Amino acid sequence: MAASASGNLARSDATLRPSVAKTTKTPHDAIFKSVFQEPEHAAAELRHILPGELVSAIRWSSLKLEPGSFVDPKLADKHSDLLFSATAEASGERVLVYLLFEHQSTNDPRMALRLLEYMVSIWTRHTKSHPTEPLPLIIPALLAQVPGGWSAPTRFSELFAAGARDLGQAVLPDFAFAVDDLHLATDDDLRQRALPDQATVTLWLMRDVRDRATLFAHLAGWADVLERVARSPGGDDVLALLLRYIAVASGDLQLSEFRDILKGRAPAAESLSMTIAEQLRAEGRIEGETKGRVAGRAEGQVEGKAAALLVILGARGLHVSDDAQQRIGTCTDIEVLDHWIALAVSVPSADDIFKG
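Thresholds applied
- Residues numbered from 1 in each chain as written.
- Predicted model: local features only at pLDDT ≥ 70, side-chain atom pairs only at ≥ 80, totals over all residues.
- Heavy atoms only, no water.
- Helix = DSSP H or I, 4+ residues; strand = E, 2+ residues; numbered from the N terminus.
- Buried < 20%, exposed > 50% of the residue type's maximum accessible area, 1.4 Å probe, protein only.
- Contact = heavy atoms within 4.5 Å.
- Areas by Shrake-Rupley, 256 points an atom, 1.4 Å probe, with all protein chains shown as cover.
- Phe/Tyr/Trp six-rings, centres within 6.5 Å; stacked < 30°, edge-to-face > 60°.
- Lys NZ or Arg CZ within 6 Å of the ring centre and 35° of its normal.
- Core = buried A, V, L, I, M, F, W, Y, C linked by side-chain atoms within 4.5 Å.
- Salt bridge = Lys/Arg side-chain N within 4 Å of Asp/Glu carboxyl O.
- Arc of directions from axis to C-beta.
- Pairing = 2+ DSSP bridges.
- Axes fitted to C-alpha atoms, helices over the stretch in contact; angles between N-to-C directions.
- Polar contact = N/O pair within 3.5 Å; in protein donor to acceptor, adjacent residues only side chain to side chain.
- Parallel < 35°, antiparallel > 145°, perpendicular 65-115°, else oblique.
- Nonpolar A, V, L, I, M, F, W, Y, C, P; charged D, E, K, R; others polar.

1. Some remarks on the overall build of the protein chain
Along the protein chain, the regular secondary structure elements total 17 helices and five strands. Every one of the 356 residues in the protein chain was classed for burial, and the buried ones make up 51%. Intrachain contacts of the protein chain at a sequence separation of at least 6 include 68% that bridge at least 24 residues. Carbon and sulfur atoms provide 52% of the accessible area of the protein chain, an area that totals close to 16,200 Å².

2. Focus: the packing of aromatic side chains
Within the structure shown, the criterion is met by eight aromatic pairs. Look at F32 and F36: their rings are 6.1 Å apart centre to centre, the planes differ by 40 degrees, and that puts the pair in the tilted class. Taken together, the residues span about one helical turn, with F32 and F36 both in helix α3 (residues 27–36) at a distance of four residues. By relative accessible area, which is 0% here, F32 ends up buried. The rings of F32, F36 and F101 are connected pair by pair, giving a single aromatic cluster. The residue whose ring lies beneath R191 is W222, and the NZ or CZ to ring-centre distance is 4.8 Å.

3. Things to note about the nonpolar core
If you look at the biggest cluster of nonpolar residues, it comprises 81 residues, and the most contacted ones within it are F36, L143, W204, M206, L226, L313 and I353. The biggest single contributor to this core is helix α12 (residues 235–249), with eight residues. Among all residues touching L313, those that are not within four sequence positions of it are L318, V320, I328, A344, A350 and I353. With 23 residues, the next largest nonpolar core counts L83, L116, A144 and V146 among its residues.

4. Section: the pattern of salt bridges
Under the criterion given, the structure shown has 13 salt bridges. Connected through shared salt-bridge partners, R191, D197, D224 and R228 make up one network.

5. Here we look at the side chain of H126
Along the chain, the position of H126 falls in helix α6 (residues 111–129). Apart from the residues within four sequence positions on either side, H126 is in contact with R94, E133, P134, L135 and P136.

6. Brief notes about helix α17 (residues 334–344)
Those residues of α17 that fall on the buried side of the exposure criterion are L337, D338, W340, I341 and A344. Burial along α17 is one-sided: seen end-on, the buried residues are contained in an arc of 165 degrees.

7. Concerning the sheet that holds strand β4 (residues 137–144)
In a beta sheet, neighbouring strands pair by backbone hydrogen bonds and run either parallel or antiparallel. Ordered by their spatial adjacency, five strands build an open sheet running β1-β2-β3-β4-β5, and the pairing between neighbours is mixed. One side of each edge strand has no neighbouring strand; the edge strands of this open sheet are β1 (58–66) and β5 (178–181). Between one strand and the next, the sheet's axes are offset by a mean angle of 25 degrees, whatever the strand orientation. Relative to strand β2 (residues 79–88), β1 runs antiparallel, the two sharing five bridges. Note on β2: the bridge partner recorded for I58 is A88. In the packing of α3 onto the sheet, contacts are made with β2, β3 (94–102) and β4, and the angle to β2 comes to roughly 15 degrees. Docked against the sheet, helix α4 (residues 39–49) engages β1, β2, β3, β4 and β5, running at close to 125 degrees with respect to β1.

8. Some thoughts on helix α10 (residues 212–219)
Among all positions in α10, only R212, L215, F216 and L219 are buried. Looking down the long axis of α10, one finds its buried residues gathered within 95 degrees of arc, a one-sided arrangement. Between the side-chain oxygen at the start of α10 and the backbone nitrogen of A213 there is a gap of 3.1 Å, and the oxygen is on D211.

9. Notes on the side chain of S34
One can find S34 in helix α3. Its relative accessible area of 0% is what places S34 among the buried residues. At 2.8 Å, the side chain of S34 and the backbone oxygen of A30 are in polar contact.

10. So, the environment of L190
Position of L190 relative to the elements: it lies in helix α8 (residues 187–191). Remark: the alpha-carbon pair of L190 and L203, spanning 13 residues in sequence, is separated by 7.5 Å. Residues within four places of L190 in sequence aside, it is in contact with L182, A185, T200, L203, W204, R207 and W222.

11. Here's the deal with the packing of helix α9 (residues 197–208) against α12
Orientation of α9 relative to α12, taken along the N-to-C sense of each, is 5 degrees, at an axis distance of 11 Å. When the axes of α9 and α12 are compared, the pair comes out roughly parallel. For the pair α9 and α12, the contacting residues are Q198, V201, T202, L205 and M206 in the first and V238, L241, L242, Y245 and I246 in the second. The residue inventory of the contact of α9 with α12, partitioned by class, reads eight nonpolar, two polar and no charged.

And the structure:
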């Protein structure tokens, strides 16, 4: 794959679509739709997911978002979907590309059946609007956020017993869907995709946001991308969306801890994270630095930074001796803790943070 594309995004309503984040039911749904409903981002992602013969058969410059959702409302907390139309290169016919986002913690062994239900709903709606036209081709694709990786069937026929497949070859409907398995994608894999920076960093966050230690361990490596996003046209709105996603989806993560790791590496992103943290706190979306358990704001900051430091060291697999834990736990100087946090993402051993 080609190197990651430029993150320069024009400031417009199409850059962020903030209304999506306000109306969707989960933070995963909000970030998915806000980012990937943009044809530029969706086209880059779909070109990565789909087989080469399908990629070359579609005129990607014609990709257009279609209205409506086909996910069962009862499953809205597990799946999000986007439907696009495009033109086939050879015939000029309309093709529909259906992108489903799986944001749950387990594989869905009946995903192929669920996709078939959604595809039939799309065809039914098309028939009502265009009763005399042939049905359009639908190309299904899945973006999966499943810890452990996607292992469920990716062909509809795999849901049947082998004997039934052999017996019903002439009558059994069948299709396959492509999967972008985020859990198996490394940081290098994500960076090498031909995606704009906003989409690339979104995929990283969707992969890691549920695991605080993993998110911290990888954050320093993504500081350059976050900084490019922050400095791009409209970058404040884009980064606000990403930080809101982190704060809401990760549960107990304090943005001050996130900001501490960015300090010195991504000054624009660090500054914006401070602003967004205050906005979220004012809205009651994240807790104050004291977390309601520590007497006094300063004491709460110290406790949070010490905890963040230990999380980073642990996530990197570094042994923290009892003496080191005691030194960290008894330190009350916020500036010193900030310095140790900055060193913790790259030092070869935990004790080396005290040498810097």
